[in-house]
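This is what each chain is made of:
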Amino acid sequence: MVSVDNTYTELAKYYDNLMTSGYYDHKGYATSLQKILGERRKILDMGVGSGLLTEQMLLLENYNITGIDFSPAMLTQAEKRLKDNSVRLVCASIEDYETSETFEAVISTGGVFCFSYREQEQQYRLYSYCPNKDVQMKSLKKLYDILDKDGILCMSIQGDHTNSEMPIKDGIVYTQKTDFGEQSLQKTYTFSANGKILSQQQMRLIFFDEKEYLSLFETAGFSLVGQERTQKFCIFRKNELKKG
Ligand SMILES: C[S@@+](CC[C@H](N)C(=O)[O-])C[C@H]1O[C@@H](n2cnc3c(N)ncnc32)[C@H](O)[C@@H]1O
């Protein structure tokens, strides 16, 4: 029996192997963000993980990036990857992030929140690592507070969560299993080699369908700028006056 733990401690052991085995494209995400961000340079990478997105961003422009993540195991890898850069790394959960700094944009590839397009329903869905709707709202309000006027929030659009199995590097096989509840998804991640489990982790995500998440973002003070799969990101802009 694996316990539910959202801190990425087990997953961190093989995370980079999975991400760099050809199924994910951080370079493509960074290129798309470069266009979306325009002249914006002061950036927060939310759920920076092992630093793969920030690394690609810094190859494109002289961005001033802070990375936040609540998983010490993931941040240890980010520290190694980004050691030659002036990136600041913060270990905190986004809703508890205390800072006097503000940012021109918050970017994220799968960290804290991400979006999926559901072909069957022809609409997007927001998945979140927040434990419940209250923490979700607290996180969105925090993002509102740390963004500059006209600041934007760019969160990646990914494939939908499905059961799958794929070979990754070093003879390892990655399996993910999904169990959907009414408003939540339990995901089991397993890494194995020669039929033996090397590492396993279960995580719980909550989700919101389009109408509901649009209302949550609006209440927190954001307007939708765009959500297009070709652009790879859902983009929200901070409104001038905070509602709610
Ligand atoms: C799927 S990984 C994405 C990592 C990285 N952005 C990438 O593209 O490889 C999700 C990351 O978000 C972090 N995370 C999840 N919820 C968080 C929260 N509330 N505050 C800070 N980090 C969080 C996890 O620890 C994990 O490192």
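Residues numbered from 1 in each chain as written. Predicted model: local features only at pLDDT ≥ 70, side-chain atom pairs only at ≥ 80, totals over all residues.

Per an unreviewed UniProt entry, the recorded name for the protein is Methylase involved in ubiquinone/menaquinone biosynthesis, and the organism is Moorena producens 3L.

Chemist: So, the overall build of the protein: which residues are in play, and what are the values?
Modeler: Scanning the protein for helices and strands turns up 6 helices and 13 strands. In terms of C-alpha radius of gyration, the protein reaches 17 Å, essentially the compact-globule figure of 18 Å for 244 residues. Each principal axis of the C-alpha distribution contributes one length, and for the protein these read about 55 × 45 × 35 Å. Buried residues in the protein amount to 34% of all 244 residues. In the protein, the share of contacts with a sequence separation of at least 24, taken over all contacts with a separation of at least 6, comes to 65%. (Helix = DSSP H or I, 4+ residues; strand = E, 2+ residues; numbered from the N terminus. Rg over C-alpha atoms; globule rule 2.2 N^0.38 Å. Buried ≥ 20, exposed ≤ 12 C-beta atoms within 10 Å, placed from the backbone. Contact = placed C-beta atoms within 7 Å.)

Chemist: With reference to specific residues and values, describe the pairing of strand E4 (residues 103-108).
Modeler: For E4, the tally of buried residues reaches 6 of 6 residues, placing the bulk of the element in the interior. Across 5 bridges, E4 lies against strand E7 (residues 147-158) in parallel orientation. Bridging across to E7, phenylalanine 103 finds its partner in leucine 147. (Pairing = 2+ DSSP bridges.)

Chemist: Kindly report on the nonpolar core, identifying the contributing residues and their values.
Modeler: Ranked by size, the top nonpolar core spans 57 residues in total, and within it Val106, Leu153, Cys154 and Met155 carry the most contacts. Per-element tally for this core: the top contributor is E7, with 5 residues. Leaving out residues up to four positions away in the same chain, leucine 153 has contacts with Val106, Leu143, Phe222, Ile235 and Phe236. (Core = buried A, V, L, I, M, F, W, Y, C linked by C-beta atoms within 7 Å.)

Chemist: So, the environment of threonine 54: which residues are in play, and what are the values?
Modeler: Examined against the element boundaries, threonine 54 turns out to sit in helix H3 (residues 52-60). Spatially, the C-alpha atoms of threonine 54 and threonine 99 are 20 Å apart, while their sequence positions differ by 45 residues.

Chemist: Residues and numbers for the site of the ligand, please.
Modeler: By nearness alone, 19 residues border the ligand, and Gly47, Gly49, Ser71, Thr109 and Gly111 come closest of all. Listing elements by their share of the shell around the ligand, those giving two or more residues are H3 and strand E2 (64-69). In terms of residue class, the shell around the ligand is built from 11 nonpolar, 7 polar and 1 charged. (Near = placed C-beta within 6 Å. Nonpolar A, V, L, I, M, F, W, Y, C, P; charged D, E, K, R; others polar.)

Chemist: Tell me about helix H5 (residues 133-146), and name the residues and values.
Modeler: Its 14 residues give H5 an end-to-end C-alpha distance of 20 Å, which sits within 8% of 20 Å, the value for a rise of 1.5 Å per residue. The complete set of buried residues in H5 reads Gln136, Ser139, Leu140, Leu143, Tyr144 and Ile146. (Expected span 1.5 Å × (residues − 1).)

Chemist: Pulling in residues and values, what's your account of the environment of methionine 74?
Modeler: Its place among the elements puts methionine 74 in helix H4 (residues 72-81). Residue methionine 74 is classed as buried on the basis of its C-beta count, with 26 C-beta atoms lying within 10 Å. Remark: the alpha-carbon pair of methionine 74 and glutamine 201, spanning 127 residues in sequence, is separated by 14 Å. Once residues lying within four places of it in the same chain are set aside, the contact partners of methionine 74 are Tyr8, Ala12, Tyr15, Gly49, Ser50 and Asp69.

Chemist: Outline helix H6 (residues 210-220), supporting the account with residue identities and numerical values.
Modeler: One full turn of an α-helix is made of 3.6 residues, so residues set three or four places apart face in the same direction. Among the residues of H6, those classed as buried are Tyr213, Phe217 and Ala220. Down the axis of H6, the buried side of the element spans an arc of 65°, and every buried residue falls inside it. Exposed and oriented more than 90 degrees from the buried face of H6 are Lys211 and Ser215. Downstream of H6 by one or two residues, glycine 221 has phi in the positive range, about 105°. (Arc of directions from axis to C-beta.)

Chemist: Quick one: what's the story with the packing of H5 against H6, residue by residue and with numbers?
Modeler: How two helices sit against one another is set out by the angle between their axes and by the gap between those axes. Orientation of H5 relative to H6, taken along the N-to-C sense of each, is 45°, at an axis distance of 9 Å. With respect to H6, the element H5 is oriented oblique. Of the two elements, H5 crosses H6, and the hand of that crossing is right-handed. Contacts between H5 and H6 involve Gln136, Met137, Leu140, Lys141 and Tyr144 on the former and, on the latter, Leu216, Phe217 and Ala220. The residue inventory of the contact of H5 with H6, partitioned by class, reads 6 nonpolar, 1 polar and 1 charged. (Axes fitted to C-alpha atoms, helices over the stretch in contact; angles between N-to-C directions. Parallel < 35°, antiparallel > 145°, perpendicular 65-115°, else oblique. Left-handed = near helix turned anticlockwise from the far one by under 90°.)

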